[in-house]
Amino acid sequence: MRISGCQWNHEITKVKTSPERDALWNRIFTSVPLKNVPEDHRWNWIGIMRLCSQLSLMRDILLRKPPKVVITGKSQTGKSTLLKYLTGRNLGELRSIDAFNTRMSLQCPALIHFNHESILTIDIVDNPRQDDATGQAKTLLDMTLNSASLFIVVTTLAHVNQSHTIQLIDRPLRETQINILILINQIDIRLFEESDFDWENDEETVAHTKIETSSSFSAFDTLKILIERPINEIKSGLTNDQAQISNRVTIKPNILKHFKPEKESNLLREFSRLEERFRSQLSKSNVKTWIIENLI
Ligand SMILES: Nc1nc2c(ncn2[C@@H]2O[C@H](COP(=O)(O)OP(=O)(O)OP(=O)(O)O)[C@@H](O)[C@H]2O)c(=O)[nH]1
Ligand SMILES: [Mg+2]
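By the naming in an unreviewed UniProt entry, the protein chain goes by G domain-containing protein and is assigned to Rotaria magnacalcarata.

Right under this line is the structure:
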């Protein structure tokens, strides 16, 4: 980067002929090591300097405009919770006081670490719920979708059907090339309803109960059954080309932030302890992995 910023770099990378090159070389480089570079190696050096300039330019472009990841979905599905996870920013202070809803589109930078030492800089946009009657949220979404690199729709199993999800991804699927993640969030809520553990016990007892390895309840299998219907509904509800859908649309179940009560937390820990595949399928880090896979 320092090489590309030097005045001499601009001059030497413009030369066309060998005599021009050597005249400039001898004038610019008056000290070792560049002063002593033999004439037949000088074009190689100039090639490296040109590369440095190009890399520096690319870096500037990337720094000025990080890829934009746009989050949307219905009310209270976990959009702002996802923004907080990705950016570390809690935007709760920007909510209205009487209702806990996000009221405007908010853009925040996020650093995604990958391959141990690499960092990807992105902008995350959190949108207001897409189920208000004013149409304002839709306009905001249209604006933020402009120049978006990735699109995330957060939904849950609480909705009677997934027609809102289908509506939300229909346009970006038809009018853009961007890839889409549908996050089926708050899986914990339905999972607890499905599990048949003894809820009559007092909090304290349940919080320390261990599930027997021999228990017939499989959180992983239950999860598979729970998400089967919404996944099929989304896939069959989309009218776009099926190959496009399978290339561009990913559907993942998730738990972004589970219940506070001790007994639910304990149960979730137990499910994860008994079935590693359950834990890995619901891990929040899957969202980061998807972002990296789709941007790099
Ligand atoms: N149980 C459970 N609660 C969750 C999960 N993810 C988020 N929540 C909770 O769900 C509530 C709504 O989350 P938000 O992130 O504010 O939802 P939102 O989609 O931004 O809501 P709006 O801005 O109103 O559209 C909060 O109380 C979260 O703590 C989850 O995976 N499980
Ligand atoms: Mg919100």
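For helix H7 (residues 163-175), with 13 residues, the first-to-last C-alpha span of 19 Å sits near the 18 Å given by 1.5 Å per residue. Of all the bends found along H7, the most pronounced is centred on Ile169 and spans about 30°, while Pro172, a proline, follows it within four residues. Looking only at H7, the buried set comprises His164, Thr165, Ile166, Leu168, Ile169, Asp170, Pro172 and Leu173.

The subject of this paragraph is the packing of helix H5 (residues 79-87) against helix H14 (residues 285-295). A pair of packed helices is characterised by two quantities: the angle between their axes and the separation of those axes. Look at H5 against H14: their axes get within 10 Å of each other, and the N-to-C directions meet at 70°. Accordingly, the angle class assigned to the pair H5 and H14 is roughly perpendicular. On the side of H5, the interface is formed by Leu82, Tyr85 and Leu86, while H14 contributes Ser285, Val287, Lys288 and Ile291. Residues belonging to the contact of H5 with H14 are distributed by class as follows: five nonpolar, one polar and one charged.

Two side chains of opposite charge can pair, provided their charged atoms sit close to one another. Taken as a whole, this structure holds 13 salt bridges when the rule is applied. One salt bridge connects Glu11 with Arg27, and the closest N-O pair in it is separated by 3.3 Å. Of this pair, Glu11 sits in helix H2 (residues 7-12) while Arg27 sits in helix H3 (residues 18-28); the two residues are 16 residues apart in sequence, bridging distant segments of the chain. On the basis of relative accessibility, which here comes to 29%, the residue Glu11 falls in the partly exposed class. Its relative accessible area of 56% is what places Arg27 among the exposed residues. A salt bridge links Arg273 to Glu270; the shortest N-O distance between them is 2.8 Å. With Arg273 and Glu270 both in helix H12 (residues 262-274), this residue pair falls three residues apart, about one helical turn. Using a relative accessible area of 45% as the deciding quantity, one classes Arg273 as partly exposed. Several salt bridges share partner residues, and in doing so they unite Asp170, Arg171, Arg174 and Glu175 into one network.

A few words now on a nonpolar patch on the surface. A cluster of nonpolar side chains, contributed by Leu51, Leu55 and Met58, occupies part of the molecular surface with about 290 Å² of accessible area. On the secondary structure map, Leu55 appears in helix H4 (residues 42-64).

Next up on the list: unusual backbone geometry. The step from Val32 to Pro33 runs through a cis peptide bond, and the omega angle for that step is 5°. Here Gln76, not a glycine, exhibits a phi torsion of approximately 60°, which is positive. As for its placement among the helices and strands, Gln76 is situated in the loop between strand E1 (68-73) and H5. Positive phi values are uncommon outside glycine, yet Asn115 reaches one of about 45°. As for its placement among the helices and strands, Asn115 is situated in the loop between strand E2 (106-114) and strand E3 (118-126). A residue is classified by how much of its surface remains accessible, and Asn115, at 59% relative accessible area, is exposed.

For the rest of this paragraph, the subject is the packing of aromatic side chains. This structure, assessed with the given rule, holds three aromatic pairs. Measuring from centroid to centroid gives 5.4 Å for Phe217 and Phe271, while their planes differ by 40°, and the two rings are tilted. A residue pair is termed long-range when its members are at least 10 positions apart, and Phe217 in the loop between helix H9 (203-207) and helix H10 (219-237) and Phe271 in helix H12 qualify at 54 residues. Phe271 carries the same exposure label as Phe217, and that label is buried. Summarising the aromatic geometry, the rings of Phe271 and Phe278 are spaced 5.8 Å apart at their centres and angled 85° between planes, so their arrangement reads as edge-to-face. In textbook terms, an aromatic cluster arises when at least three aromatic residues are bridged by ring pairs, as seen for Phe217, Phe271 and Phe278. Here the basic side chain of Lys288 rests over the ring of Tyr85, its NZ or CZ set 4.8 Å away from the ring centre.

When E1 meets E3, the two strands line up parallel, connected through four bridges. Bridging across to E3, Val69 finds its partner in Ile124. The sheet contact formed by E2 and E3 spans nine bridges and is antiparallel. The residue bridging Ile112 from the neighbouring strand is Leu120, located in E3. The hairpin formed by E2 and E3 contains three residues between the paired strands, and Asn115 there has a positive phi angle of roughly 45°.

What counts, and where the lines are drawn
Residues numbered from 1 in each chain as written. Chains lettered and ligands numbered in written order. Predicted model: local features only at pLDDT ≥ 70, side-chain atom pairs only at ≥ 80, totals over all residues. Heavy atoms only, no water. Helix = DSSP H or I, 4+ residues; strand = E, 2+ residues; numbered from the N terminus. Expected span 1.5 Å × (residues − 1). Bend = angle between axes of the 7 residues up to and from the residue. Buried < 20%, exposed > 50% of the residue type's maximum accessible area, 1.4 Å probe, protein only. Axes fitted to C-alpha atoms, helices over the stretch in contact; angles between N-to-C directions. Parallel < 35°, antiparallel > 145°, perpendicular 65-115°, else oblique. Contact = heavy atoms within 4.5 Å. Nonpolar A, V, L, I, M, F, W, Y, C, P; charged D, E, K, R; others polar. Salt bridge = Lys/Arg side-chain N within 4 Å of Asp/Glu carboxyl O. Patch = residues over 30% accessible without salt bridge, like charges linked within 9 Å, V, L, I, M, F, W, Y side chains within 5 Å. Areas by Shrake-Rupley, 256 points an atom, 1.4 Å probe, with all protein chains shown as cover. Phe/Tyr/Trp six-rings, centres within 6.5 Å; stacked < 30°, edge-to-face > 60°. Lys NZ or Arg CZ within 6 Å of the ring centre and 35° of its normal. Pairing = 2+ DSSP bridges.

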